[in-house]
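Listed below, chain by chain, are the residues.
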Amino acid sequence: MKMSPELKKAQENMQPGVITADGFLGDEKRSLKDIIVRDEEEMRKYGLDYEESAKLLRELMEEGRKGLGEAVTVKERWLVQTFESRGPLPCPFEDGIFKKVTAEITDKKSGEKILVSDMAIHLMESHRFLEGIGSSFRLDPEQLKKVVF
Amino acid sequence: MNFLIAPVAVGVIAAVLGAVIGIVDRIVNNYGDVEIDINGKKTLTVKGGDKLLSSLAAEGIFIPSACGGRGSCGACKCRVESDVGPHLPTEVPYLTEEEMAQNVRLACQVKVKENIQIRIPDELFNVKKYNTKVKSIKDVTHDIKEVVFDLQGEEIDFKAGRYVQIVVPPYGKIKGSTQRAYSMSSKPSDKGVIELLIRLVPGGIATTWVHNYLSEGDEVELIGPFGDFERRETDATMVCVAGGSGMAPFKSILFDMYEKGELDREVWYFFGARTTKDLFYLEEMKELDSKWENFHFVPALSEPQEGAGWDGETGLITDVLDRYIKEKMRADRDKEGYLCGSPGMIAACNNVMTANGIPLEKIYYDKFA
């Protein structure tokens, strides 16, 4: 599928060593456009909405921050632990700068986990990009459904 | 054979053009030797054209950098007093307007193309690179490892509270080397080793390497000491707060004070954890508490599990801190705050301390994140 110059530039920025050491694409070799289209289908398959998912993840991260670095139980269902690292990260789509805040969200009952970051939420909400398969911060629709819905 | 003429001609032209570009590049981008004047005290002669950060490091001058020169941490700030051109778009997000007005630059982004003058803190002249060997790795909790590095005959001089940078080599899918900062938990008198406490951060490059790849006997480069976190030489009560691997600088400071006989000073140490499985060094701290009359160790659990036998303080560490300042500490004594944790933890403790009369300028912190 043909990519716009903006998507081409974003895909360059997502390579390992450009913005982050391991990049945003994981093990994927396909184009950014193809990844986004594939994941739109995945989101539909699991009945997930990008904006709604982003809103819920952001709320869980905010609750997790109250633990001041220690894990905190949220709504008796989730264990959320946030981590903050030094310095900001520019978005690979070049439309914002984000603090390096990450959270590990665990469903206490099933033990299933998902790793989320401020940047990952922005990528999901504004660019419909969930990161590539194999990326640590991929918001995999199936895992998202299991852990947070 | 005629069909070969065109491709061969194209090949020859491409080869000639490549050679010309290579030669021109070597001539145009050959800056020769250039001088870096540091603080008017030291002059280095380096090959021109390289980044300031790497040029300095090659000569044994190490500016702190948490990302290893990728321009993604904003830590390697230094003042450049010569004109090296306008700030680059890659620098701007990391600099305040005031810093930009003072020509503070990111050393990893500025190229040294001609003689330049820079200003760095004098302490950085004492920073060295150590080729260490991992002496021991111990799990102190389910997600924190205590790692001791042997300096192999070298010694490190530092004030308790300082940090070092680990040079993380490429591993697994990580293709490039990177660096991360960790506070030293060893005492300054333990000159032949450096002890670090490293908590596993999911997805973290350095912590994943330490937890899943590093073994005893491995060789590791450490750079340091860096930082300005230290106890102030006053007689004010020290109110220290940490959680998780934030224990590191306080272990160093407290055992250094005990060793040096600074026992008249009152010290309160609040340590926050979620459950008993997140607590560590409990016995060591309780022993210190019993031997040092003016030292008070207050561990607190935010979510103690039923049946875990916890009879200590419970609640968020900021709530416990607030209660103790109001009810247990002498109001007539001057107090200083010492914090080690994430920016969120620092901000929350700042609020509690200032609300209880500790001036903001007397709250010192090691913002390890």
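In this report, we go over the structure that sits alongside the text. Position numbers for residues start from 1 in each chain and track the written sequence from start to end. Chains carry letters from A onward and ligands carry numbers from 1 onward, assigned in written order. Only residues with pLDDT of at least 70 are given local features in this predicted model, and only at 80 or more are side-chain atom pairs given and counted; all residues enter the totals for whole chains, interfaces and linings. Excluding hydrogens and water, the side-chain figures rest on all heavy atoms present in the structure.

## Brief notes about helix α1 (residues 5-13) of chain A
Residue and element names in this part refer to chain A. Quick note on the threshold: Three labels apply to residues, based on accessible area from a 1.4 Å probe with only protein chains included: buried if under 20% of the type maximum, exposed if over 50%, partly exposed otherwise in between. Here a strand is any run of E in DSSP of at least two residues, a helix any run of H or I of at least four, and the numbering for each starts at the N terminus. The directions considered for the arc run from the helix axis to the C-beta atoms. We call two residues contacting when some pair of their heavy atoms lies within 4.5 Å.
The complete set of buried residues in α1 reads L7, A10, Q11 and N13. Seen from one end, α1 has its buried residues packed into an arc of 160 degrees, which puts them on one side. Against α2 (32-45) lie the buried residues of α1.

## Topic: the packing of helix α3 (residues 50-65) of chain A against helix α4 (residues 118-127) of chain A
The description of two packed helices rests on the angle between their axes and on the distance between the axes. Residue and element names in this part refer to chain A. We apply this condition: Every axis corresponds to a line fitted to the C-alpha atoms, with the helix fit spanning only the stretch in contact, and the corresponding angles, defined between N-to-C directions, vary from 0 to 180 degrees. Reported orientations rely on four angle classes, namely roughly parallel under 35 degrees, roughly antiparallel over 145, roughly perpendicular from 65 to 115, and oblique for the rest. Helix crossings fall into two classes, left-handed where the near helix is turned counterclockwise from the far one by less than a right angle and right-handed where it is turned clockwise. Note on residue categories: nonpolar means Ala, Val, Leu, Ile, Met, Phe, Trp, Tyr, Cys or Pro, charged means Asp, Glu, Lys or Arg, and polar means any other residue, Gly included.
Where α3 contacts α4, the two axes come as close as 9 Å, and the packing angle between them is 165 degrees. As far as their axial angle goes, α4 and α3 are roughly antiparallel. Both α3 and α4 take part in a crossing whose hand is left-handed. Residues Y50, E51, S53, A54, L57, R58, M61 and R65 of α3 form the contact with α4, whose participating residues are D118, I121, M124 and E125. Of the residues belonging to the contact of α3 with α4, the class tally is 6 nonpolar, 1 polar and 5 charged.

## A few points about the environment of R199 of chain B
Residue and element names in this part refer to chain B. Quick reminder of the rule: N or O atoms within 3.5 Å of each other form a polar contact, as long as, within protein, one can give a hydrogen and the other can take it, and as long as residues adjacent in sequence are counted only when both atoms are side-chain atoms.
Its place among the elements puts R199 in strand β10 (residues 193-199). Exposure remark for R199: the relative accessible area of 11% places this residue in the buried category. Expressed as a C-alpha distance, the spacing of R199 and S245, which sit 46 residues apart in the sequence, is 6.0 Å. Separated by 3.2 Å, the side chains of R199 and D143 make a polar contact.

## A look at the nonpolar core
How we decide: What is meant by a nonpolar core is a set of buried Ala, Val, Leu, Ile, Met, Phe, Trp, Tyr and Cys residues, joined one to another through side-chain atoms within 4.5 Å.
Counting 32 residues, the largest nonpolar core has I36, I38, L52, L56, I118 and I120 of chain B as the members making the most contacts within it. Of all hydrophobic cores here, the second largest spans 31 residues; its members include F250, L254, Y338 and Y364 of chain B.

Any link to function would need more than the numbers given here.
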